[in-house]
Amino acid sequence: MALIEMKGLEKSFGGKPVLRGLDLSVDKGEVMYIIGTSGVGKSVTIKHLVGLLRIDAGEIWFDGKRVDQLGERDLAPLRKRIGMVFQSSTLFDSMTLAENVALPLRKHARMHHKAAHDEAVRRLARVYMQDYADRYPAELSDGMRKRAAIARTLALDPEVVLFDEPTTGLDPVSARRVDRLIRELADTTGLTAIVVSHDPPSIFGVADRVAFMYQGVIRVVATPAALRTSDDPIVRQFITGQSTGPMETPGF
Amino acid sequence: MIAALGAAVLELTRQVGGIVVLGGKVLRALIPPRIDGRELVKNLHKMGNRSVPIVVLTAFFAGGLMMLQSGPFVKKFGATALAGWGAGYAVLREIGPILIALMFSGRVGANNTAELSTMTVTEQLDGLRALAIDPIRFLVVPRVLAMIVMLVALTVIGDAVALLGATIVAHFMLDIEWATMFHSFADNLQPYDFLHGVAKSFAFGGAIAMTSCYFGVTVKGGAVGVGRAVNAAVVAAAVSIMLLDFLLTYLTG
Amino acid sequence: MTFITDIGTSVVGAYRAAIELWLVFIGTLAGLIRGRKTRPKGEILRQMFYIGNRSLAFIVVTLGFIGMVITYQACLQLARITGDFSQVGSQYMRLVVSDFGPTLAGMMLATRVGAGIAAEIGSMKVTEQIDALRMSGVAPIDYLIVPRFVAALVMGLFLTIVGSAVMFGLGGLTARYSFGVNLHAFFDPSFVRPRHLAIFLVKALSYGGTIPIVAGFCGLRARGSSEGVGWATTAAVIGGSFAVIVLDFIISASALFLTGGDL
C-alpha cells in the first residue's frame, strides 16, 4: 500500500464545494507535485493531511492507518511524522532563526536550551543558513526565510514533508536554490515530499510524479515527461500557459 | 431594527461563549502547570516594561484629581483631618484599580491582541499546530498569567503613586500639610480597602487577558481584521471591567 | 552613555510627534473653516450616526454600572463615618456634572470611538488608500478627519449628557434600594452652580474634539501591514485616554484657581 492514500475527499467552504471526491496516492520516498490553477484547492488538500482542516467526506490513510478522524491530541504523533512548510514561511517573528528551529527540539525531543541551540545551528547548516542563526526573520529575504522554515520543519526528522508553494514569490535564483534543496533532501534522506506548486521550472525540474488538479478532483497523475506530451486539452492549456482554451476559469 | 438587535445579541452570546471556552482551555492547561517558562518571563518583561510609565503617570494625575474634587469640600468644613479620607478611599477601592486597569487594557491588552491577531493572520498559529505544539499552552497561557500578575503589581504601585499625587496636590494647591495628609490616610484607610482594590485588579487582569487573547486568536481578514480585533478587545475589556467592578463591589461590600 | 542617547532620542521623537499632532489639529480647524469642497456630502451626518449608534449602548452600560458602584461606595463610607445621607445626592450630582460624567464618558469614548477611527484610517493607510487619496488631489485631513471631528464633538456631547444622566439616575436608585435614601432628597440640584455646567461643557467638548484628532493622527501614522494597524489602534486608545485624564486635571485645576479655591 502507498504511504499516503486519499480516497474520495470532499470539502466545502460556506456551501461552495472545493474538493469533490479527490483521490490520490503517494508512495514512500517520492516527490509528488500537486499542480493546478490558483484557488483550485491545492493548499486545502494538503492541509487535511495534518489535520489543520477536516474533510466533510472521504478517507485519509497514512502508513496503513486511518487518520482523518483523529482528535487534536491524537494528531500530535502524526504531526511529528508529517511536517509542513507554509506558504508564508510562518517563522516566529519574536525569535531568532536558531530559536525558531530549536523550538520543536525543546518541546518534543525535550532538549535543554544549550543542546537545542547547537542542534538547531547544525540543522540550519543543512540548508546553508548557519551564518544567520542569530538573526531575526524580519531582517532576512524571503528566500532565506523559506530555507529557515524548511530547517525548522525538518527538526524532528519527519518522514513526509508538505510544501505549500515553496517557490511562489521568490526571485528565480532563490527559487532554484529551494528546488535543489528539496531534491537533495529526497535523494539523500529518502524523504517523501508533496509539493503544491504552479512554477514550471520547479515542476519539471524536481518532481518524480505530478498530479494535476482541476474542478475539485485529480484529473491526471503522470511523470513530468508524460504530462508534457499529454493529449488532455485541459492539461495542454495549463502546461503551455494559454490564457484561452477549454479550461474553466471562474471569475474571468 | 428588531432583526438587527437580535443579531447583535446572538453575536454577543457567541463571543461570550467563545471567551468562556477559551478560559476553560487555559484553566485546563494549568493543571498540571506545564507552562513555557521562557515565554512567561518574556511576557512579564514586555508587559511590565511597557506599562509602568503610563500607569504611574495616570495614577499620579488620578490621585491629584480625586484630591481636587474632595479637598476643597473638606477644607470648607474645616475637617482637614479627613482630608486624605475622601481621596484615599476612592483611590484604593475604585479609581485606582479601574483607571489602572483601563490604561493597562489600552496599553498591554490592545498590544497583545494586535500581536496575536497578526500571528494568526500570518499563519504562525497554524505553524505551531503543524509542529504539534498547542498554541493555547504555548502562547495564550503565559500571556494570561503575565497580564494578571502585572496588573496586580501595577495596581499596588499605582495606588501608592496616586496617594502621593493626592498629597502633592493637597500641599501645593490646597495648602494642606504633608503631615495632615499622612495622618488622615493612616487613620481612615483600612487594610481591607487596599485588599478590596487588589482583589478587583486580579479579576480585571483576568478579564483583560481573556478578552485580549480571544479576539487575537479569532481574528479574520488581514489588516482590517486586526484593527477590528483590537477595537473589539478594548471595548469588551472596558465593559467587563465595569461589570466585574459592579459585581465585586456588591459581593464584598 | 547609550542610556542618555536613548532618553534623548525618545524626547526628540515625542517632540516631533507632538508637533505633528498639533499640525493635524490646525489642519482640521483649517479644513473646517475652509468649508466643504472635497468632502463627500452628508459625511458628517453619516459619521454622527455611526458614532452614536455604536457607542450609545456601550456608554449607557459602562457609565451606569460605575454610577451604581460609586454611589454604593460613597454611601458605605458615609454610613461608616457620619451616617448622614442628606447631602449624598446633591454632592453626587455636583461630582457627576463637574467631573465623573464627562471624564468617564470621555475615557469610554477614547476606547470605543478612538479605536474605531484609528483602525479605519490605519487600515486605509497600510492598504495605500491614503496615498491614493492624495494622488486624486484630496487632503486626507480634510476628507477623513474633519467630518469625524465635528461628528465626535456633537455626538460626544450628546453621549456625555445621556451617560451622565444614566450615571446619576442609577446611582440614585442604588442609594434608594441599598441604603434607603429618599429619592426626592437625592435628586437635589442645589449644589450645582452655573460654573459646574460650564465645566461640564468645556470638558465634554474638549474630549470630544481631542479624541478624533489623536485617533486620526495615530491612524495616519500606521506603517507596515496588519501589525501597523494594531499599533495605531493601541496608540489611539492610550493617547486618547491619557489626554482625557490630563485635560481633566488641567480644567479642574484651572476652575479651582479661577474660583479662588471654592468649589
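Reading the values: the criteria
- Residues numbered from 1 in each chain as written.
- Chains lettered and ligands numbered in written order.
- Predicted model: local features only at pLDDT ≥ 70, side-chain atom pairs only at ≥ 80, totals over all residues.
- Heavy atoms only, no water.
- Helix = DSSP H or I, 4+ residues; strand = E, 2+ residues; numbered from the N terminus.
- Buried < 20%, exposed > 50% of the residue type's maximum accessible area, 1.4 Å probe, protein only.
- Contact = heavy atoms within 4.5 Å.
- Lys, Arg positive; Asp, Glu negative; His and termini not counted.
- Charge placed at Lys NZ, Arg CZ, Asp CG, Glu CD.
- Areas by Shrake-Rupley, 256 points an atom, 1.4 Å probe, with all protein chains shown as cover.
- Pairing = 2+ DSSP bridges.
- Axes fitted to C-alpha atoms, helices over the stretch in contact; angles between N-to-C directions.
- Polar contact = N/O pair within 3.5 Å; in protein donor to acceptor, adjacent residues only side chain to side chain.
- Buried area = accessible area lost by both parts, 1.4 Å probe.
- Salt bridge = Lys/Arg side-chain N within 4 Å of Asp/Glu carboxyl O.
- Nonpolar A, V, L, I, M, F, W, Y, C, P; charged D, E, K, R; others polar.
- pLDDT = per-residue confidence, 0-100.
- 1 Å grid on protein atoms, 1.4 Å probe; cavity = no way out; pocket = protein on both sides within 12 Å on 5 of 7 lines; lining within 4 Å.
- Points joined across faces, edges and corners; volume = space filled by probe spheres on them.

## Points about the overall build of chain B
Next up, step 1: On a plain count of helices and strands, chain B comes out with eight helices and zero strands.
Next up, step 2: The order of α-helices and β-strands along chain B, N terminus first, is α-α-α-α-α-α-α-α.
Next up, step 3: Out of the 253 residues belonging to chain B, those deemed buried represent 58%.
Next up, step 4: At a minimum sequence separation of 6, the contacts of chain B that also span at least 24 residues come to 86%.
Next up, step 5: When the 18 basic and 14 acidic side-chain charges of chain B are each reduced to a single mean position, those positions are 8 Å apart.

## Considering the overall build of chain C
Next up, step 1: Looking only at helices and strands, chain C has eight helices and zero strands in total.
Next up, step 2: Along chain C, helices and strands appear, N-terminal first, in the series α-α-α-α-α-α-α-α.
Next up, step 3: Viewed in the frame of its principal axes, chain C has a C-alpha envelope of about 65 × 55 × 35 Å.
Next up, step 4: Within chain C, the fraction of its 263 residues that count as buried is 52%.
Next up, step 5: Partitioning the contacts of chain C with sequence separation of at least 6, the portion at a separation of at least 24 is 85%.
Next up, step 6: Surface accessibility of chain C: about 11,700 Å² in total, with carbon and sulfur atoms responsible for 68%.
Next up, step 7: Here chain C contributes 20 positive and 13 negative side-chain charges, whose respective centroids are spaced 6 Å apart.

## As for the sheet that holds strand β1 (residues 4-13) of chain A
All names here are of chain A.
Next up, step 1: Reading across the sheet, the four strands line up as β2-β1-β4-β5 and stay open at both edges, with antiparallel pairing between neighbours. Looking at the sheet topology across the chains shown, the edges are occupied by β2 (16-26) and β5 (65-66).
Next up, step 2: In terms of strand pairing, strand β4 (residues 57-62) meets β5 through two bridges, oriented antiparallel. Bridge pairing in β5 links Phe62 to Lys65.
Next up, step 3: Along the sheet face, helix α1 (residues 42-49) touches β1, β2 and β4 and points at about 120 degrees away from the line of β1.

## Regarding unusual backbone geometry
Next up, step 1: Phi is positive for B:Ala132, close to 60 degrees, though the residue is something other than glycine.
Next up, step 2: Tracing the chain through its elements places B:Ala132 in the loop between α4 (124-130) and α5 (135-174).
Next up, step 3: In this structure, C:Glu128 is a non-glycine residue whose phi angle is positive, near 65 degrees.
Next up, step 4: Assignment of secondary structure puts C:Glu128 in the loop between α3 (88-126) and α4 (129-135).

## Quick word on the side chain of A:Glu30
Residue and element names in this part refer to chain A.
Next up, step 1: Here Glu30 shows up in the loop between β2 and β3 (31-35).
Next up, step 2: Taking the relative accessible area as the measure of exposure, Glu30 reaches 8% and is therefore buried.
Next up, step 3: For Glu30, the side chain forms a polar contact with the side chain of Arg209, separated by 2.8 Å.
Next up, step 4: Excluding anything up to four places from it in sequence, Glu30 contacts Ser25, Leu191, Thr192, Ala193, Asp208 and Arg209.

## Side note on the interface of chain B and chain A
How big an interface is tends to be reported as the loss of accessible area on association of its parts.
Next up, step 1: The interface of chain B with chain A comprises 18 residues on the first partner and 26 residues on the second.
Next up, step 2: Buried surface at the junction of chain B and chain A, summed over both partners, amounts to about 1,800 Å²; 57% is from carbon and sulfur atoms.
Next up, step 3: Seen at the junction of chain B and chain A, the total is two salt bridges.
Next up, step 4: A salt bridge links A:Lys47 to B:Glu123; its shortest N-O distance comes to 3.1 Å.
Next up, step 5: Between chain B and chain A we count four residue pairs in polar contact (both at pLDDT 80 or more) in total.
Next up, step 6: Of all the elements in the fold, those that place two or more residues in the side of chain B that touches chain A are α2 (37-76) and α4 of chain B.

## Let's talk about the interface of chain C and chain B
Next up, step 1: Every contact between the two is made by 54 residues of chain C and, on the other side, 55 residues of chain B.
Next up, step 2: For the pairing of chain C and chain B, the buried interface totals around 4,700 Å² over both sides, and the portion due to carbon and sulfur atoms is 77%.
Next up, step 3: Between chain C and chain B we count zero salt bridges in total.
Next up, step 4: Where chain C touches chain B, the interface holds two residue pairs in polar contact (both at pLDDT 80 or more).
Next up, step 5: Listing elements by their share of the side of chain C that touches chain B, those giving two or more residues are α2 (43-81), α3, α5 (140-179) and α8 (226-258) of chain C.
Next up, step 6: Its residues placed into classes, the side of chain C that touches chain B shows 27 nonpolar, 19 polar and eight charged.

## Side note on the confidence of the model for chain B
Next up, step 1: Taken over all residues, the pLDDT of chain B has a mean of 85, while the share at 70 or more is 96%.
Next up, step 2: For chain B, the element scoring lowest by mean pLDDT is helix α6 (residues 178-188) of chain B, at 76; helix α7 (residues 191-217) of chain B scores highest, at 90.

## Thoughts on the side chain of A:Thr192
Residues and elements named next belong to chain A.
Next up, step 1: Counting through the fold element by element, Thr192 comes out in strand β8 (residues 192-196).
Next up, step 2: At 2.9 Å, the side chain of Thr192 forms a polar contact with the backbone nitrogen of Gly29.
Next up, step 3: Discounting residues that sit within four places of it in the chain, Thr192 has contacts with Leu3, Val26, Asp27, Lys28, Gly29, Glu30, Glu159, Val160 and Val161.

## Some remarks on the pattern of salt bridges
Next up, step 1: Evaluation of the coordinates by the stated rule reveals 32 salt bridges over all chains.
Next up, step 2: In this structure, A:Asp63 and A:Arg81 form a salt bridge, with 2.7 Å as the shortest nitrogen-oxygen distance. In this pair, A:Asp63 is assigned in the loop between β4 and β5 and A:Arg81 in helix α2 (residues 75-81), connecting sequence segments 18 residues apart.
Next up, step 3: Measuring nitrogen to oxygen at the nearest pair gives 3.2 Å for the salt bridge that ties C:Asp99 to C:Lys203. Of this pair, C:Asp99 sits in helix α3 while C:Lys203 is found in helix α7 (residues 194-220), placing the two residues 104 residues apart along the sequence.
Next up, step 4: One continuous salt-bridge network, built from bridges that share partners, spans A:Glu119, A:Arg122, A:Arg123 and A:Asp157.

## So, the pairing of β3(A)
Residues and elements named next belong to chain A.
Next up, step 1: Most of β3 sits out of view: five of its five residues are buried.
Next up, step 2: Residues Val31, Tyr33 and Ile35 point to one face of β3 and Met32 and Ile34 to the other, with burial holding for every one of them.
Next up, step 3: Here four bridges tie β3 to β8, and the two strands are oriented parallel to one another. Its bridge partner being in β8, Ile34 is matched across the sheet by Val196.
Next up, step 4: Across four bridges, β3 lies against strand β9 (residues 209-214) in parallel orientation. Residue pairing across strands places Tyr33 opposite Val210, the latter belonging to β9.

## Description of the layout of surface pockets
Next up, step 1: The computed volume of the largest pocket comes to approximately 1,900 Å³.
Next up, step 2: Surrounding the largest pocket, 39 residues form its lining, B:Glu11, B:Leu12, B:Gln15, B:Val235 and C:Arg112 being those nearest its centre.
Next up, step 3: Mapped onto the lining of the largest pocket, the elements with two or more residues apiece are α1 (2-30), α7 and α8 (223-252) of chain B together with α2 of chain C.
Next up, step 4: Residue composition of the lining of the largest pocket, by class: 25 nonpolar, eight polar and six charged.

## Details of empty space enclosed by the protein
Next up, step 1: By the definition in use, this model includes 11 cavities of 30 Å³ or more.
Next up, step 2: Its boundaries defined by the atoms lining it, the largest cavity holds a volume of some 190 Å³.
Next up, step 3: Every residue lining the largest cavity is counted, 16 residues in all, and those nearest its centre are B:Met66, B:Ile95, B:Leu99, C:Phe100 and C:Leu104.
Next up, step 4: For the lining of the largest cavity, the secondary-structure elements that each account for two or more residues are α2 and α3 (83-121) of chain B together with α2, α3 and α8 of chain C.
Next up, step 5: Ranked by the residues each element gives to the lining of the largest cavity, the list is headed by α3(C), at five residues.

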